[in-house]
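Here's the letter readout for the chains.
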Amino acid sequence: TLVFNLPKFSHVSKTSFVVLRLPQTFLFLLFIGSLGFGALFFLPETSRLKRIFQHNSDNSAVITDSVNGQSARPSSPIGYGLIGAAPLDIGVLRMKSQLSSSNGKQTNNNKESSQGTVSMQHTDPESLQRREKVKEMMKFAWDNYKRYAWGENELRPLSRNGNDGRTFGGLRGASIVDSLDTLYIMGLGEEYQEAKEWVENNLNLKVGGEASLFEVNIRYVGGLLSAYYLTGEEVFKRKVVELGRNLLPAFNTPTGIPHGVVNLAGWVAFPRRSSVLAEFGTLHLEFVHLSELTSDPIYTEKVMNIRKHLNQLDKPRGLYPNALNPVSGNWEQHYVSIGALGDSFYEYLIKSYLMSDRTDEVAKRMYYAALEAIENNLVQRSPGGLIYVAEWRGGILDHRMGHLACFSGGMIGIGAEHGSPETRQHQLDLAANITHTCHESYRRTPTKLGPEVFRFDDGAEATAPRVNERQYILRPEVVESYMYMWRLTHDPKYREWGWEALEALERHCRLATGFSGIIDVYGHIIQHDNLQQSFFLAETLKYLYLLFSDDDLLPLKDWVFNTEAHPLPVIPRNCSQEREHIPNWTQ
Ligand code: DMJ
């Protein structure tokens, strides 16, 4: 497709071309000349997004390796160009923001020189050391996965083998796809190459099992999209486009609300009674990017349809219940949670707004209305003064908060800046208070790792009286909120809290053969669950790494992280005129 915005010459007749006067001829030649130059941008590997970013980027931007003081021209769609930028020590690279975003209010210590380069200032030496420690942990986790479970989905460190089943429907290599961007960002170049080669040669997308649409989307689609945007490697684009197509049968329902389970080979969606809010509500970011990559509106249409449906449904007290019938289109029950089954639906509303370069007003309205309902109905203060988000069961509060719900500190934090000015400080305080409560859930255990569920009833205050709720399975949500709150406030306590979590991970979750979750965070004898979850590599370690990095490594004004921590670029608003094939955000 020719995507250049040609000036409208339709009113100029053939004869009038011939009789152009000198200044007009000059302008005409200038135009022809610029067309020739523009053709350079249509080389075969050019992606639509690449053009978008070139449109908006400073081509003179240089990435500098501050250890060696060498520079490299960006070569990827976002101009990151890290791998191949010799010498390879990506872990200490900084990037200039490639996407102009005039309203970005990032605090940035770097000074911009007149050449458009960035003078690289390191964060303090202690944070640098801590970041190196995170990198070492990633390498350790990766090496053990490679040694004992290569090609399987996840490492089982105690039994020294892999786990290949679960919800991926026969897809393999979840840890590889989930790790691509983390390896790349950390500068683990050799490991990234191994991962890329595996994807190229072994990632088979035509598999016949039952796959969770949600899990495949957040890990595989998200992982491949990020890898493509960071590196510009066509293989990731090819794979993600093929995978995206295979997910579409899930949407063959009377309402367009997708089934939760899909068969990637047979093009048949498996009917299941309820569709889960956090599952069908966590497709938007990836599907919009699939449309951008393919110039095919179908992906955006599918997710816009979900949004439209949700928008027009009655909501009890403005709240979104967790389950919906994909055939009738009605809510199945009135359970509401910002943790399990609900969480990332809310996250994707505010992130859709941010990813659209703050043009997706519908998402914005839905997000702030949902947040208001959550505040009015779910947010509580414990007798000891801790702020938490309870769950709601048909009007009755359950005073529990899942580890999963701890992502909401970060989410409310990034949303605070874009709400109405009167609520801004209030929302930032709420974000800080929730993050504090989640930290307390860690601090109040002997292991300094937090339980899967903590309660605020029967005398419990951010603790887990029930034995079956005491596990810690290497989840990221708490350190995720530390990372966002650090970026938003630069309060050093968030880095300290992240370091505490890292030390606890090292002490209790690190085995000789990889990392493992633990069964009881209150136990004095540690029992391991024998699973190194792929989200530990995709999220937990990535967020920790970013926590100890400067803000210009994946700046929040240019990137949004999908719910599996895969960074996706903001789509600049000044390209919206060229996006006729993509349905309007506001419809
Ligand atoms: C991840 O797969 C994603 O963050 C998801 O949204 C919910 N939980 C896990 C990690 O805890």
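Structural data are supplied above this passage.
The following paragraphs examine the structure supplied in this document. Here the structure is a predicted model, which is why all the values come from computation and not from measurement.

Calculation notes
Residues numbered from 1 in each chain as written. Predicted model: local features only at pLDDT ≥ 70, side-chain atom pairs only at ≥ 80, totals over all residues. Heavy atoms only, no water. Phe/Tyr/Trp six-rings, centres within 6.5 Å; stacked < 30°, edge-to-face > 60°. Helix = DSSP H or I, 4+ residues; strand = E, 2+ residues; numbered from the N terminus. Buried < 20%, exposed > 50% of the residue type's maximum accessible area, 1.4 Å probe, protein only. Lys NZ or Arg CZ within 6 Å of the ring centre and 35° of its normal. Salt bridge = Lys/Arg side-chain N within 4 Å of Asp/Glu carboxyl O. Axes fitted to C-alpha atoms, helices over the stretch in contact; angles between N-to-C directions. Parallel < 35°, antiparallel > 145°, perpendicular 65-115°, else oblique. Left-handed = near helix turned anticlockwise from the far one by under 90°. Contact = heavy atoms within 4.5 Å. Nonpolar A, V, L, I, M, F, W, Y, C, P; charged D, E, K, R; others polar. Pairing = 2+ DSSP bridges. Core = buried A, V, L, I, M, F, W, Y, C linked by side-chain atoms within 4.5 Å.

1. Section: the packing of aromatic side chains
Working step 1: Under the counting rule described, the total for this entry stands at 24 aromatic pairs.
Working step 2: Aromatic side chains Phe251 and Phe287 sit 5.6 Å apart centroid to centroid with 55 degrees between the ring planes, which places their arrangement in the tilted category. Of the two residues, Phe251 is situated in the loop between helix H8 (234–247) and strand S9 (261–263) and Phe287 in helix H10 (residues 284–294); the sequence distance between them amounts to 36 residues. No difference in accessibility class separates Phe251 from Phe287, as the two residues are buried.
Working step 3: Relative to Trp497, the ring of Tyr494 has its centre 5.4 Å away and its plane inclined at 85 degrees; by these criteria the two rings are edge-to-face. Taken together, the residues Tyr494 and Trp497, both in helix H17 (residues 493–509) and three residues apart, mark about one turn of the helix.
Working step 4: Overall, the relative accessible area of 2% leaves Tyr494 in the buried class.
Working step 5: The exposure class of Trp497 is buried, given its relative accessible area of 10%.
Working step 6: Through successive ring pairs, a cluster of aromatic residues spans Tyr320, Trp331, Phe345 and Tyr346.
Working step 7: Its guanidinium or amino end placed over the ring of Tyr335, Arg393 lies 4.8 Å from that ring's centre, counting from NZ or CZ.
Working step 8: Over the ring of Phe140 we find Arg510; its NZ or CZ atom is 3.8 Å from the centre of that ring.

2. As for the pattern of salt bridges
Working step 1: In total, this model carries 34 salt bridges according to the counting rule given.
Working step 2: When the shortest N-O distance is used, the salt bridge between Arg307 and Asp360 registers 2.9 Å. Pair noted here: Arg307 is in helix H11 (residues 298–312) and Asp360 is in the loop between helix H12 (343–355) and helix H13 (361–377), with a separation of 53 residues, a long-range link. Pair check on accessibility: Arg307 and Asp360 agree, each one buried.

3. Considering the packing of helix H6 (residues 189–202) against H8
Working step 1: For the pair H6 and H8, interaxial distance at closest approach is 10 Å and the crossing angle is 40 degrees. When the interaxial angle is binned, H6 and H8 end up oblique. As H6 packs across H8, the resulting crossing turns out to be left-handed. Where H6 approaches H8, its residues Tyr192, Lys196, Val199 and Glu200 are matched on the opposing element by Val235, Phe236 and Lys239.
Working step 2: In terms of residue class, the contact of H6 with H8 is made up of four nonpolar, no polar and three charged.

4. Quick word on the sheet that holds strand S17 (residues 396–398)
Working step 1: A sheet is described by the order of its strands in space; here three strands give the open sequence S13-S16-S17, paired in antiparallel fashion. Across the chains shown, the open sheet's two edge strands, defined by having one partner strand only, are strand S13 (335–336) and S17.
Working step 2: With three bridges joining them, strand S16 (residues 391–393) and S17 adopt antiparallel strand pairing. Note that in S17 the partner of Arg393 across the bridge is Ile396.

5. So, the nonpolar core
Working step 1: One finds Val199, Leu310 and Tyr346 to be the most contacted residues of the largest nonpolar core, which totals 153 residues.
Working step 2: Of the residues forming this core, the biggest block, twelve residues, is contributed by helix H7 (residues 213–231).
Working step 3: Ignoring any residue separated from it by four or fewer positions in sequence, one finds Leu310 in contact with Leu277, Phe280, Lys315, Tyr320, Leu324, Trp331, Phe345 and Met366.

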